[in-house]
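# Coordinate inspection notes
Below, each chain spelled out in residue letters.
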Amino acid sequence: MSAAAAPPTRRPRAVRHRRTAAALILTLLAALLTALGPALPARAATAGNAASVTRAGDTFTVRTSSAAAARIVVARADVFRIWLSPDGSFTDDPAGSDLATTTSFGTVGATLTDAGAYWRIGTPAISLRINKKPLTFALYRADDTTLVWAESQPTSWSAGRTTQYLGRAADEQFYGTGLHLGEWALRDRTVPVAVSNKWTEGTNASPAPFYMSTNGYGVMRNTWAPGSYDFRAPTALSHDEKRFDAWYFAGNSLKDVLDGYTDVTGKPFLAPMWGLELGNADCFNASNPNYQGDHNRARHQTTPDVVGYAADARAADMPSGWILPNDGYGCGYTALPSTVAALNEKGFRTGLWTSTGLSGIDQEVGTAGSRAVKTDVAWIGSGYKYAFDGVKQAVAGIEDNSDARRFVWTVDGWAGTQRNAVVWTGDTSGTWDAMRWHVPSIAGAGLSGLNYASGDIDGIFGGSPQTYVRDLQWKAFTPAFMTMSGWGATNPSAGYQDKQPWRFAEPYASINRKYLQLKMRLMPYLYTMGRTANETGVPSTRALVLEYPDDPVARGNATSGEFMAGDSFLVAPVVSDTAVRNGIYLPAGSWTDYWSGKVYQGPGWLDGYSAPLDTLPLFVRQGAVVPMWPQMNYTGEKAVSTLTYDVYPRGDSTFSLYEDDGLTRAYQNGAYARQRVDVHAPAAGRGDAVISVGAADGSYTGKAAARGYEFTVHSATAPTSVSVGGAPLPALAGKAAYDSASSGWYYDPADRAGVLWIKAGSRSEAFTVTAAGITAAPGTPVGTRSAPIPQTGWKVVTADSQETAGENGAAANAIDGDPATIWHTKWSGGAAPLPHEIQIDLGARYAVDGLGYLPRQDGGVNGRIGRYEVYVSDSTTAWGSPVATGSFADTAAAQQASFTAASGRYLRLRVLSEAGGRGSWTSAAEITATGAKAPPGAATG
């Protein structure tokens, strides 16, 4: 076949060189089955009509006109289970108590009412209708009027698949499905809930049979069977089994839903404090003949060689906290007890990375002192219950042999994994494009209750100094992060060795240090966020929709390239080779640039933000109170003799600091302390800031009887006075005087647009700091952008070429809202020559100011658009001059053409070249546009 006639190319699947043969075969089989896709249900059956309902306490059983029956268990006013059995028995429960660990919360006292066409089960939170003809279910709020969800047709099943169909609200958005690789807003997407071990965009690295909706509910299918969730209208939610079993969680917010979901499936575990520090995994016993990697790597010949790397980190003043001197893939280990002891002396905890199992875990933990486990794909790569049980075994190995907390890393997690392990994105490469989709992947994992989600810094393969620095910057604001040394090239580019942050040339090493040091200073804040997740299910790394659920921009993927680190920091990573960050969305309120102190006023978009390589775009929410440690390289290196609160006073705000011993499980028995800080300050302009610091209530091993307190208060002007407990503090002449004083204050107008530094002295009880006459700086309004133009009214007027015979596609695939479908120009029997074009009727007149282009997402590269022209007109016969010209990059990433708004009903994209120069093709997964409604014009098709 000639190149000109070649079909669109597919991206080759990377084969992990160190996987065992058996695991490789298993993975390839799974990939093949996934590629083929599940078969459509053959002769699907339904339950028929509901015939009767009986109850036993809060359990209700519905018999039908067929053999099928349904059981509804109301576990709590806002939590219930629907179990539909095709044969009418309720004995087939393969998940047992693995996924739903808590299924009873006490007597609910649900009511049952016969309303004629349906039975109604009522609680103070919900009203569940059981429609009789045919049997379907619908959930309402307690008012029995506000619809939450409704089945659009009966649940159906065949021998190999069961599907529930739900209607979809006009503006309803969906989230979840585990560690989904890519954007986290799932409306109009079809998402695999299945293990594939592909670790590419669009797959699920750790799938979870859970999703939630902006309508105020979540669902977990109580199953180990793989599935697929189609979030088009109506939604079609399938699993490969002949049974239906689902837990439902109702709530007034997404946070409520996560709380309910994790009440049933288990709260996210609380990692040891050192688990938030940088970790590293590598083989340091490469001389072992069984090792599958390079046997001659310098300084990696026997396990104790790792101590030299630890010494290097400390000599470089580079914070890091734990190391996995790999025992998997034939590496093994030598002298483990002495190695663990030597690493402990340097402030490192030790764990092991296993590819075969945990036969030595009792000795490794109980005798040698290992404290972490990484369960790798060669062992648990088949996923589902097998992987889940492997993680449980690792947890037991740590907690049954020590007083330590679980700290396990795993691939192929499932619902409930949040209570046991960190999940990560698998074997990825250090590229800008991989970084782009990692940001929403890790933020989106929290929308399934996965508090600890990560990806190897700069991937496991490839990479560059620039991608490493950028990737480490933003991952320092996630709870757990790790480097993977030893599998890629030892020196892929100048100044870049082993993916260790201290083995870089300048300026890269210094930038790495800057962000690692910042994370250590923020440890009390991030640790508190981890405890919040442990208590509520709300993750530390938050998609913006969790904090701003009513903001229509925050609800969708327009903000998938940024996230909230806890409740105070907005992080907008730079994921391309640029020094300017565009498209940062700041929700309503005031936001302070962490580096410059400049204040911005949202909502809106910040473009042109200066972000040289050492600058991560980072913004602090108004009213934030951020606890900070003194600088140290690892937890416990020095006593926290002084705790700093970094305060951004604006209106009323509060923060509750959580503290415990950071190591053991004693906190589960009440060994912890909390300190509440309340701030009352002017919402705008000048006034007094009153900071009320409560006592650190509670007790734990290592808690200090008293400690010093420092405050950095952001103010546009110097205060008129500062007092503690009503007693005035002395004003000091400057930083030198401040540094040498035990108490006092000074104001530095050059420090981040104005910072008031306060030392309040050593305190053991509650106290109040008053800074009189501070000023909340007015924020610079950020720019507004037009909204995405809804595609619901769009039609293709014409497309000059399309391949229909070979791909059964059509140009309408480019505007159907589904990135899995594509428009591709003719390639079989000879390609149609360039230029190509598509003309779209927008359905109404708009002032159009942007065109979005999503290249094909199926792994192929042919047809990516290169040079283009964009036209907007009221007529398809008189287009006039192009409103935009340019070139799109040869990448799978979504791209945008922005231009001065032009009004019209019709949009024309004219493609002049193919980005990769591979041929005369054009392809597109999605073409979108932004704009605002325009007054009627003289449209003339």
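This text gives an overview of the structure that appears in the document. (Residues numbered from 1 in each chain as written. Predicted model: local features only at pLDDT ≥ 70, side-chain atom pairs only at ≥ 80, totals over all residues. Heavy atoms only, no water.)

### Remarks on the state of the cysteines
- A complete count under the given rule lists one disulfide for this structure.
- Two residues share a disulfide in this structure: Cys283 and Cys331, whose sulfurs sit 2.1 Å from each other. Of note, the bridge from Cys283 to Cys331 carries an S-S torsion of about 90 degrees and is right-handed in sense. Within this pair, whereas Cys283 is found in the loop between strand S18 (278-282) and helix H3 (306-315), its partner Cys331 is found in the loop between strand S19 (322-325) and helix H4 (336-345), the two being separated by 48 residues in sequence.
- A relative accessible area of 1% places Cys283 in the buried class. (Disulfide = S-S within 2.5 Å. Helix = DSSP H or I, 4+ residues; strand = E, 2+ residues; numbered from the N terminus. Buried < 20%, exposed > 50% of the residue type's maximum accessible area, 1.4 Å probe, protein only.)

### Observations concerning the pattern of salt bridges
- For the structure on display, the rule yields 47 salt bridges.
- Note that Arg232 and Asp818 form a salt bridge whose closest N and O atoms lie 3.4 Å from each other. You can see Arg232 sitting in the loop between strand S15 (227-230) and strand S16 (235-239) and its partner Asp818 sitting in the loop between strand S50 (795-799) and strand S51 (823-824), a full 586 residues away along the chain.
- Its relative accessible area of 36% is what places Arg232 among the partly exposed residues. (Salt bridge = Lys/Arg side-chain N within 4 Å of Asp/Glu carboxyl O.)

### Focus on helix H11 (residues 523-536)
- With 14 residues, H11 should reach 20 Å at 1.5 Å per residue; the first-to-last C-alpha distance of 20 Å fits that figure.
- Where H11 is concerned, the buried positions are Met523, Pro524, Tyr525, Leu526, Tyr527, Thr528, Met529, Gly530, Arg531, Ala533 and Asn534.
- Gly537 lies just past H11 and shows a positive phi near 85 degrees. (Expected span 1.5 Å × (residues − 1).)

### With respect to the packing of H3 against H4
- Look at H3 against H4: their axes get within 10 Å of each other, and the N-to-C directions meet at 5 degrees. As far as their axial angle goes, H4 and H3 are roughly parallel. Contacts from Val306, Val307 and Ala310 of H3 reach H4 at Thr339, Ala342 and Leu343.
- For the contact of H3 with H4, the class distribution of residues is five nonpolar, one polar and no charged. (Axes fitted to C-alpha atoms, helices over the stretch in contact; angles between N-to-C directions. Parallel < 35°, antiparallel > 145°, perpendicular 65-115°, else oblique. Contact = heavy atoms within 4.5 Å. Nonpolar A, V, L, I, M, F, W, Y, C, P; charged D, E, K, R; others polar.)

### Observations regarding the layout of surface pockets
- Its boundaries defined by the atoms lining it, the second largest pocket holds a volume of some 800 Å³.
- Broken down by secondary-structure element, the contributors of at least two residues to the lining of the second largest pocket are H11, strand S38 (652-659), strand S39 (673-680) and strand S42 (707-714).
- Taken together, the residues of the lining of the second largest pocket break down into 22 nonpolar, eleven polar and ten charged. (1 Å grid on protein atoms, 1.4 Å probe; cavity = no way out; pocket = protein on both sides within 12 Å on 5 of 7 lines; lining within 4 Å. Points joined across faces, edges and corners; volume = space filled by probe spheres on them.)

### Regarding the sheet that holds strand S21 (residues 372-375)
- The eight strands lie next to each other as S25-S23-S22-S21-S20-S19-S18-S27, forming an open sheet whose pairing is parallel. Edge positions in the open sheet fall to strand S25 (453-454) and strand S27 (481-484), since each of these has one partner strand only.
- Pairing of S18 with S19 involves four bridges; the strand directions are parallel. By the bridge assignment for S19, Asp282 is matched with Pro325. (Pairing = 2+ DSSP bridges.)

Don't take any of this as a statement about function, it's just geometry.
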